[in-house]
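One-letter residues, chain by chain:
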Amino acid sequence: MNFILLGPPGAGKGTQAKNVIKNFNMLHFSTGDMLREGKKLDKTINKFLLSGRLVPDEMVINIIKKRFERDDIKKGFLLDGFPRNLRQAEQLDLILESKNIKIDKVFFMDIGFDEAINRITGRRVCECGASYHITMLPPKKIGICDYCEADLIQRDDDKENVIRDRFTVYEKEIEPLIKYYKKIKLLVLIDGLKDEKDVFKQISSYILQ
Ligand SMILES: [Zn+2]
């Protein structure tokens, strides 16, 4: 079976994708991973990744197209964070059609705007690799790493003004996409505000069907 997992930044897509892959035997296609792999083939991708700009649709689609040519695709897959907009969805449909593959469900992890902002802006990280959240996963001493006692920092990407800009772009693109998957009856809304286990239970109930 083949699935798509969508959701705003901060929804916990990565965590749930890991849970799904661990429990069900399927391939995990995250655009981030595929782009990092693709940059070996296409040097221009690297330019976009390094500058932090969004990689153009055609490049992403080409990488996915190439990946879908491999035989292991029959195992079934979870597409994580792709498509990001309606144009990508239409391109994806063409690829799927040519390979005679169909998508069984599209999961949308809904957490709402305020919660997404709260989850992301509350993130703190340490140079040692440890990560925290000021309310959901706080360090023992405010602003100090539990492991190495260094000062915690907030990544520029996690700052509120950056996140609000990212969300403006995201919302403009995701709304038509959701409408599209709803229209073709693939969309499943997942309540992303529930805890990790419950979210996974919601998702797996559709995979088991
Ligand atoms: Zn540390």
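Calculation rules
Residues numbered from 1 in each chain as written. Predicted model: local features only at pLDDT ≥ 70, side-chain atom pairs only at ≥ 80, totals over all residues. Heavy atoms only, no water. pLDDT = per-residue confidence, 0-100. Helix = DSSP H or I, 4+ residues; strand = E, 2+ residues; numbered from the N terminus. Donors = N, O, S within 2.8 Å, 3.2 Å for Na, K, Ca; no water. Tetrahedral: all angles 85-135°; square planar, octahedral: opposite > 155°, others 65-115°. Buried < 20%, exposed > 50% of the residue type's maximum accessible area, 1.4 Å probe, protein only. Pairing = 2+ DSSP bridges. Phe/Tyr/Trp six-rings, centres within 6.5 Å; stacked < 30°, edge-to-face > 60°.

*Asks:* Go over the confidence of the model for the protein chain, please, and point to the residues and values.
*Replies:* Averaged over every residue, the pLDDT of the protein chain is 91; residues scoring 70 or more account for 99%. Averaged pLDDT values over the elements of the protein chain bottom out at 75 in helix H3 (residues 43-51) and peak at 97 in strand E7 (residues 187-191).

*Asks:* Describe the coordination of the zinc ion, naming the residues involved and giving the relevant values.
*Replies:* By definition of the ideal shapes, four donors in a tetrahedron about a metal sit 109.5 degrees apart, and six donors in an octahedron sit 90 or 180 degrees apart. Cys126 (SG), Cys128 (SG), Cys145 (SG) and Cys148 (SG) make up the full set of protein donors to the zinc ion, lying at 2.2 to 2.3 Å. Geometry at the zinc ion is tetrahedral, judged from the 4 donor atoms that bind it and their angles of 97 to 118° at the metal. The sequence pattern describing where the donors of the zinc ion fall on their chain is C-x1-C-x16-C-x2-C. Judged by its relative accessible area of 45%, Cys128 is partly exposed.

*Asks:* Can you explain the pairing of strand E1 (residues 2-6)? Please cite residues and give values.
*Replies:* Here E1 lies mainly inside the structure; 5 of its 5 residues are buried. Bridge analysis of E1 against strand E3 (residues 77-80) gives 4 bridges, and the strand direction is parallel. Directly across from Phe3, in E3, lies its bridge partner Leu78. In this sheet, strand E4 (residues 105-110) lies alongside E1 in parallel orientation, the contact comprising 4 bridges. Its bridge partner being in E4, Leu6 is matched across the sheet by Phe108.

*Asks:* Any chance you could break down the packing of aromatic side chains for me, citing the residues and the numbers?
*Replies:* Applying the stated rule across the entire model yields 9 aromatic pairs. Seen in terms of ring centroids, Phe29 and Phe77 are 5.6 Å apart; in terms of plane orientation they differ by 20°. Their pairing is stacked. One end of the pair, Phe29, is in strand E2 (residues 27-30); the other, Phe77, is in strand E3, with 48 residues separating them in the sequence. Phe77 carries the same exposure label as Phe29, and that label is buried. Measuring from centroid to centroid gives 5.2 Å for Tyr180 and Tyr181, while their planes differ by 55°, and the two rings are tilted. Each member of the pair, Tyr180 as well as Tyr181, is classed as buried. Counting every residue linked through ring pairs, the aromatic cluster contains Phe3, Phe107 and Tyr206.

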